[in-house]
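# Working through the structure, step by step
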Amino acid sequence: MPPKKRNCAAVKSAPADKKENPEFSVKKHRDKDADFLVLCKSLRVTDTVCDRAWTLWKAVQESMDDAPDMQRRLWGACLYVTVTDLDVASFTVTQIQKAVDLNLKQFLDLVKKLDVNVDTISTQVNSVLTRLEKKYDVTLALYQRFTKISKNIFNVGSDGKEKETIENIWTMFLLAKGRVLQMEDDLVISFQLLLCVLEFFIKRCSPGLLQPLYQSAINKAPSPPTRTSRRSLSKAKSRPPEPELDVQLLETLCKDNDCNMEEVRNVYQTSFSAFLESVDISRSQDLPQASDLNMQYEEHYLKSRDFDGRLFLDGDETLLSPKIEMMQVERTPKKNNLEEEVIIPPQTPVRAAMNSIQQLRVDLTSSGDQPSANLAMYFKNCTVDPTEEVLNRVETLGQLFGQRFAQAVGPRCVILGKQRFTLGVCLYYRVMESMLKSEEKRLSVQNFSKLLNDSTFHTSLLACSLEVVMATYEGSTFKSGGYNHGSNADSAEMDLCFPWILDVFKLSAFDFYKVIESFIKADPSLRKDIVKHLESCEHLIMETIAWRTDSPLFELLRQAQGEGPAEQVEAPATFNQPLQHNHTAADLYLSPIRPSHYPVAPPEFPTVHSSQPASQVSAQPASQATSQVSAQPASQAASQTSQVSAQPASQAASLTPRHPRSNSLSLFYKKLYRLAYMRLKMLCSYLLSSHPELEPIMWTLFQHTLQHEYELMKDRHLDQLMMSAMYAICKVKNVDLRFKTIVTAYKNMPNTHQETFKHVLITEGHYDSIIVFYNQVFMQKLKTNILQYASTRPPTLSPIPQIPRSPYNKFPSSPLRVPGSNNVYISPMKSPRISPGIMTPRSKMLVSIGESFGLSNRFQKINQMVSSGERSFKRILDLGASPKPLKRLRFDMEGQDEADGSKTGGDSTMIQKLAEISSTRSRMQEQKMKEDAESRKE
């Protein structure tokens, strides 16, 4: 049994920082609450930690809810933030949880609530919280899966031997995971390691303790060497033999858990064998002692200052949520008819991950890790055969990938990295062949020498293939959000999520974005969540990663600006035109570097009144063109390489011939403008529903900044300019909207990160909050332009971009909703080898056309569902209640507003405006209904 002492609240703590003060002195803190000092003493914190935590508590006290027992819990949260910021060893997460009586999720939520100021929770604390939450989620999912596996392996006996064995297995797994993996939140490798630990224990258990399936697996395996044979073997060799892997047993475990045998074998032979050596039990045929395992894990747990994973075994409230929540992810839909019931394994996080990996492997079974005969023919048809260069590049990048993978996951995980790289190579060749077939059909040519000898194209295509593989294994979520600076540098190095692959290959995000759309079109077998992940990668590139200092995007923009004062990357007049998704990767990679030449003198550009549709315009003198945000020729629409924009007949004779334009830059800015406007519109609908006239004005300033002041985006985020433009227009229009309210609302938007408003580049190497960026950078750069909106002759308003439906949702791989029903979808089977039992979504009724599915009346029931289905409309973003303005912010101290020091009359006006948001819900639902109606017409 694990030692019961671990349940005690902070009795035995990690060693305190002896350099400061090993003995906590109550006399030095007589100005503080006595109960707070008792808590500090029980957790053995230093005097410095006590002082800083108390200062933090006093700073946030006014903004926190005054509820019973809340004060002590907030003290605990302040102490945790302080020790994390100072990086001192005082107590573990479990110890502070028990001291304030909160489970892990509740405690993490409470710590996040302390962020009443953009500086309260530092990026370092936020990074630790994110890692801790992810590790907990992974460990919880593994424990839930472990309990199910154990029931299938062990017999329940009266002597309690089975329970003791299970506890030892779990403790040994926690110890192995902590020592072997640098990334303890890697679900797949952790689960594979768990199977290795199970194999180690099962083959050492008595047969009576095992279920028949595993008794059979043990009986078929060769018997372990006897004492005599081991003695004679030791005489022959100076070193005893390594423990042999029970292949039959491991194969049974893998088959029973939908896990790849080869991957688990590699984890065993590299990482797990090394762990057995480190704990000196690799050559023993006996089960390890529980006391030894607990002692070693206790040491690891105290050193990591993390949560105690053994408490899962005790059902401890600090880790486990209520049973209803615990079982929520394991619930299987019930069938109405027992005779129709199909046994479908519960879709737990572990099983979902294993199924996704299995499906990826099945899809790539027919694709080799060498160019196919068809692809080889394309290579030979080139003027310069790229075959040798392609193969050499793959080998070189494969070695680099394996090294960086091992650095991130663990030094003994090189083979695992090579396995994933091999899958990526298979996908790389398959998608490349599909792309070339499509280009051949489109252009009626077979010689693609220029494209196939482009190193950037190949590197980008391989990187995209590997991103698909990595997202399948790791899950399609961003943890760093593209940030890799300051205190997050180390954690970003251990984060395999995008954009990790770009850093590995030294590939620019702007080059990578060129291949994404063509990649998705070329591989219709991609799962919907992977398609969504690649779309999110594209958004992340446009928001921030493409704007890094060394990005080739800036050189293209400088060249575009150098063409003349009327030159621009994308004409505003094209904003309200549909976005044509007809650019292929070949167009973008072979696109000329220099954009086209435009006429120097722009003609008159009409003014768009905010109270009128974009098509209803009135003339404005051309003399104002120099001061207008978007006073550009309406004829400067984006074109393909050989296309020339239409011009009035009177001007055609005076124009100089145009050079081919950069398609890659043009398409990038088209997508950028639409993404930027979509995010601005979302934030405006959240905050300014009572001032709809401000949205086009804000968009005009925002668009002007992206087009003419793009240097402001360097090493920054798109949303930083968006929030600054919103605040600037509110100031000049005398609308009471403070920056802290904008930040509060922004935090509730999807795909946002706290670093966006906490960690903004001010000058080279110096970062501060977004309000400092606004005052010292944004306003200084755009002050003249901003003030024009307060005049009687404001700048021309930019047309509103048309927001099309995502092109990625129209591909055959996405399930299509049956018209007239919200709960019936159809999609093509990706592979006949995939059983409906492991397909998604988990529905009440899953029918695979062409396969036996049971009774014929299922179709009748489907028809009934379609006919009588009630429509229910849900908003993708549930905005919830109106955002509660933060009570204290560093840039709103002493009753002063942020930018100009003007006094405010309190929050009442803004609260009243925010309360009006609820009235827009019905309008949002109506808009959703219109969109659905349009989709049905399509």
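Everything here concerns the structure above.
So, here is what we can say about the structure in this document.

Procedures and definitions
- Residues numbered from 1 in each chain as written.
- Predicted model: local features only at pLDDT ≥ 70, side-chain atom pairs only at ≥ 80, totals over all residues.
- Heavy atoms only, no water.
- Helix = DSSP H or I, 4+ residues; strand = E, 2+ residues; numbered from the N terminus.
- Buried < 20%, exposed > 50% of the residue type's maximum accessible area, 1.4 Å probe, protein only.
- Lys, Arg positive; Asp, Glu negative; His and termini not counted.
- Salt bridge = Lys/Arg side-chain N within 4 Å of Asp/Glu carboxyl O.
- Polar contact = N/O pair within 3.5 Å; in protein donor to acceptor, adjacent residues only side chain to side chain.
- Disulfide = S-S within 2.5 Å.
- 1 Å grid on protein atoms, 1.4 Å probe; cavity = no way out; pocket = protein on both sides within 12 Å on 5 of 7 lines; lining within 4 Å.
- Points joined across faces, edges and corners; volume = space filled by probe spheres on them.
- Arc of directions from axis to C-beta.
- Contact = heavy atoms within 4.5 Å.
- Expected span 1.5 Å × (residues − 1).
- Phe/Tyr/Trp six-rings, centres within 6.5 Å; stacked < 30°, edge-to-face > 60°.
- Lys NZ or Arg CZ within 6 Å of the ring centre and 35° of its normal.
- Pairing = 2+ DSSP bridges.
- Core = buried A, V, L, I, M, F, W, Y, C linked by side-chain atoms within 4.5 Å.

## Describing the side chain of Asp-246
Tracing the backbone through its elements, the reader meets Asp-246 in the loop between helix H10 (227-236) and helix H11 (247-256). It is Lys-203 that comes nearest to the buried, bridge-free Asp-246 among opposite-charge side chains, at 6.1 Å. In terms of polar contacts, Asp-246 uses its side chain to reach the backbone amide nitrogen of Leu-249, at 3.1 Å.

## Focus on the state of the cysteines
What is meant by a disulfide is a covalent connection between two cysteines, made through their sulfur atoms. A full pass over the atoms with the stated rule returns zero disulfides. With no disulfide of its own, Cys-730 lies 7.8 Å from the sulfur of Cys-684, the closest cysteine sulfur. The exposure class of Cys-730 is buried, given its relative accessible area of 1%.

## Comments concerning empty space enclosed by the protein
One pass over the structure, following the stated rule, counts nine cavities of 30 Å³ or more. The computed volume of the largest cavity comes to approximately 100 Å³. For the largest cavity, the lining is made up of 13 residues, of which Leu-360, Asp-363, Ser-525, Leu-526 and Arg-527 are closest to its centre. Of all the elements in the fold, those that place two or more residues in the lining of the largest cavity are helix H15 (349-363), helix H18 (414-443) and helix H20 (455-474). Broken down by element, the residue count for the lining of the largest cavity peaks at four residues, all from H15. The volume enclosed by the second largest cavity comes to roughly 80 Å³.

## Some words on the environment of His-691
With respect to the helices and strands, the residue His-691 is situated in the loop between helix H28 (663-687) and helix H29 (694-708). Once the C-alpha coordinates of His-691 and Val-735 are considered, the two residues, 44 residues apart in sequence, prove to be 8.7 Å apart.

## Quick word on helix H16 (residues 373-380)
For H16, the set of buried residues is Leu-375, Tyr-378 and Phe-379. Burial along H16 is one-sided: seen end-on, the buried residues are contained in an arc of 100°. Turned more than 90 degrees from where H16 packs its buried face, Ala-373 and Lys-380 sit exposed. Considering only its buried residues, H16 is in contact with helix H17 (387-409), H18 and helix H19 (449-452).

## Description of the pattern of salt bridges
Any two side chains of opposite charge can pair if their charged atoms end up close together. In total, this model carries 36 salt bridges according to the counting rule given. Among the ionic pairs, Glu-298 bridges to Arg-310, the shortest N-O distance being 2.4 Å. With a gap of 12 residues between them, Glu-298 in helix H13 (residues 290-304) and Arg-310 in the loop between H13 and helix H14 (323-326) connect regions that are remote in the sequence. Summarising the burial analysis for this pair, Glu-298 and Arg-310 share the class buried. Across the pair Lys-532 and Glu-535 runs a salt bridge, and its minimum N-O distance is 3.7 Å. Here the residue Lys-532 and the residue Glu-535 both occupy positions in helix H24 (residues 528-543), the gap between them amounting to three residues, near one helical turn.

## Remarks on helix H7 (residues 161-180)
Look at H7: 28 Å from first C-alpha to last across 20 residues, which is about the 28 Å you get at 1.5 Å a residue. Counted residue by residue, H7 has 16 buried out of 20 residues, so it is predominantly covered.

## So, the environment of Ile-218
Among the secondary structure elements, Ile-218 is positioned in helix H9 (residues 212-220). Each C-alpha atom, one on Ile-218 and one on Ile-202, is 8.2 Å from the other, the two residues being 16 residues apart in sequence. When residues no more than four places from it in sequence are discounted, the contact partners of Ile-218 are Ile-202, Lys-203, Leu-210, Asp-246 and Leu-249.

## Topic: the packing of aromatic side chains
What describes a pair of aromatic rings is the distance from one ring centre to the other and the angle between the planes of the rings. In this structure the tally under the stated criterion is 42 aromatic pairs. Centroid distance Phe-773 to Phe-778: 6.3 Å. Interplanar angle 50°. Geometry classified as tilted. For Phe-778, a relative accessible area of 0% corresponds to the buried category. Aromatic rings pair up to connect Phe-510, Tyr-513, Trp-547, Phe-554, Phe-668, Tyr-669, Tyr-673, Tyr-677, Trp-699, Phe-702 and Tyr-710 into one cluster. The ring of Phe-200 is capped by Arg-204, whose NZ or CZ atom sits 3.8 Å from the centre of that ring. In this structure, Lys-714 packs its charged tip against the face of Phe-554, placed 4.9 Å from the ring centre.

## Regarding the pairing of strand E3 (residues 760-763)
With three bridges joining them, E3 and strand E4 (residues 766-768) adopt antiparallel strand pairing. Paired with Thr-763 across the two strands is His-766, which belongs to E4. Taking the residues that link successive antiparallel strands as the turn, the E3-E4 hairpin has two residues, and the phi of Gly-765 there is positive, at about 80°.

## Some remarks on the nonpolar core
In this structure, Phe-505 and Phe-668 are the most contacted members of the largest nonpolar core, which totals 244 residues. Of the residues forming this core, the biggest block, 14 residues, is contributed by H28. For Phe-668, the residues in contact, after removing those within four places along its chain, are Phe-510, Tyr-513, Ile-541, Met-542, Ala-546, Trp-547 and Leu-553.

## Focus on unusual backbone geometry
Following Phe-498, the chain continues to Pro-499 via a peptide bond in cis, the omega torsion being 15°. Relative to the elements of secondary structure, Pro-499 occurs in the loop between helix H21 (489-493) and helix H22 (500-505). The phi dihedral of Asp-101 is positive, around 60°, even though this residue is not glycine. Here Asp-101 lies in the loop between helix H4 (93-100) and helix H5 (104-113). Residue classification places Asp-101 among the exposed positions, given a relative accessible area of 54%. Its identity as a non-glycine residue notwithstanding, Asn-734 has a phi of 55°, on the positive side. Among the secondary structure elements, Asn-734 is positioned in the loop between helix H30 (718-732) and helix H31 (739-747).

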